[in-house]
Amino acid sequence: MTDVSDGVLHTLFRSDQGGHEQVVLCQDRASGLKAVIAIHSTALGPALGGTRFYPYASEEEAVADALNLARGMSYKNAMAGLEHGGGKAVIIGDPELVKSEELLLAYGRFVASLGGRYVTACDVGTYVSDMDVVSRECRWTTGRSPENGGAGDSSVLTSFGVYQGMRASAQHLWGDPSLRDRKVGVAGVGKVGHHLVDHLRAEGAEVVITDVRQEAVRRVLDTHPQGVTAVADTAELIQTEGLDIYAPCALGGALDDDTVPVLTAKVVCGAANNQLAHPGVEKDLADRGILYAPDYVVNAGGVIQVADELHGFDFDRCKEKASKIFDTTLAIFARAKSDGIPPAAAADRIAEQRMAEARAAR
């Protein structure tokens, strides 16, 4: 067994980052499907989390990502006040090359075999149209199109929640929730990031963007010919002079030993999952006086939407619930201050308390 596999098994069974209830390895040779479904907790209800379709370098890397993402969903759903535990699935492969109807149907059958312990939705590499296909084999599927009884694109409310987290961060740090004339750097202007830019510009913020896909950058610049500029890459973005807020909105691990020392922003608040590359980064941010809004708190708008879909979707009801991310974020900052710990640790404590109380009440 490789060192990476040893690390995955240690995470699953023995580390503080583990505690997962179930991990399912899925394979369908006919369609080429290779997938991992990880259920971290069902203490609060059926595990809910999206399906990531990504060309992982190895199966071990895919399992490790599924474990990390599933654990994050437990905390996200707890902090969002949902009656759901945390789960996540990853499909291994380049979606541009291997995604097919047959593969998605096979994946749906695997999710259905869990009997509702895991409810799936969209994530990186999967879209509403994909969930429509999956739902043909699995009724425990959200993030579907309105034509198929779903709520549609969850990135709209995800970006709205991040925006509320930014406003709360501004209130805590500067005594005013307004983002007018604040300079905000957005790394990743895809499904969520470009909606976030819309919110920021509507309030009068100055926005600096970057994305590995030039077509995504061009779309935002065409939509906002004023007040938005682009830089070459994230390394340049995080060192932009006068940056008030940094919003990582692409893949995880954006905050690490290389980026934190050179960040110019006073606030980090973005949509990406698992932004802290390793334990201890949250303390590094605090030591530099950088306010970190925990990612799984502020990016919960999407999961609020897909959870609501299970009960008959109502956009206004979801938006009202997502607007409370402002209050939740402020409460986390207050808890962090009173306990003398970083906000990420404070959010973990609150989420863990809710899960523990649910388990005790069984």
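Up top you'll find the structure we're talking about.
Each value, and the rule that gives it
Residues numbered from 1 in each chain as written. Predicted model: local features only at pLDDT ≥ 70, side-chain atom pairs only at ≥ 80, totals over all residues. Heavy atoms only, no water. Helix = DSSP H or I, 4+ residues; strand = E, 2+ residues; numbered from the N terminus. Expected span 1.5 Å × (residues − 1). Buried < 20%, exposed > 50% of the residue type's maximum accessible area, 1.4 Å probe, protein only. Pairing = 2+ DSSP bridges. Right-handed = clockwise from strand over helix to strand, strands pointing away. Phe/Tyr/Trp six-rings, centres within 6.5 Å; stacked < 30°, edge-to-face > 60°. Contact = heavy atoms within 4.5 Å. Axes fitted to C-alpha atoms, helices over the stretch in contact; angles between N-to-C directions.

## Notes on helix α2 (residues 59-79)
Right, so step 1: For α2, with 21 residues, the first-to-last C-alpha span of 30 Å sits near the 30 Å given by 1.5 Å per residue.
Right, so step 2: Most of α2 sits out of view: 16 of its 21 residues are buried.
Right, so step 3: Looking one or two places after α2, you find Gly81, whose phi comes out positive at around 75 degrees.

## Overview of the pairing of strand β7 (residues 183-187)
Right, so step 1: Most of β7 sits inside the fold, with 5 of its 5 residues counted as buried.
Right, so step 2: The side-chain alternation of β7 yields two buried faces, one formed by Lys183, Gly185 and Ala187 and the other by Val184 and Val186.
Right, so step 3: Two elements, β7 and strand β8 (residues 206-210), share 5 bridges in a ladder whose sense is parallel. Bridge pairing links Lys183 to Glu206 in β8.
Right, so step 4: Taking the sense of rotation as the criterion, the β-α-β connection linking β7, helix α7 (residues 193-203) and β8 turns out right-handed.
Right, so step 5: As judged from the 4 bridges shared by β7 and strand β10 (residues 245-248), these two strands associate in the parallel manner.

## Structural notes on the packing of aromatic side chains
Right, so step 1: Going through the model one piece at a time under the given rule, you end up with 3 aromatic pairs.
Right, so step 2: On the basis of an interplanar angle of 65 degrees and a centroid distance of 5.7 Å, the ring pair of Tyr75 and Tyr296 is categorised as edge-to-face. Of this pair, Tyr75 sits in helix α2 while Tyr296 sits in helix α11 (residues 295-298), and the two are 221 residues apart along the sequence. Residue Tyr75 shares its accessibility class with Tyr296, and that shared class is buried.
Right, so step 3: Look at Phe313 and Phe315: their rings are 6.4 Å apart centre to centre, the planes differ by 75 degrees, and that puts the pair in the edge-to-face class.

## Description of helix α12 (residues 301-309)
Right, so step 1: Within α12, 9 of the 9 residues are buried, which leaves it mostly tucked inside the rest of the structure.
Right, so step 2: Among the residues making up α12, those that are buried are Gly301, Gly302, Val303, Ile304, Gln305, Val306, Ala307, Asp308 and Glu309.
Right, so step 3: Buried-residue contacts for α12 involve β3 (47-48), α2, α6 (155-174), α13 (315-323) and α14 (325-339).

## Focus on the sheet that holds strand β9 (residues 228-230)
Neighbouring strands of a sheet are bound in pairs by backbone hydrogen bonds; such pairs are parallel or else antiparallel.
Right, so step 1: Sheet architecture is open: 6 strands sit in the order β9-β8-β7-β10-β11-β12, paired in parallel fashion. Edge positions in the sheet fall to β9 and β12 (291-292), since each has one partner strand and no second.
Right, so step 2: Packed on one face of the sheet, helix α8 (residues 214-223) meets β8 and β9 and runs near 155 degrees to β9.

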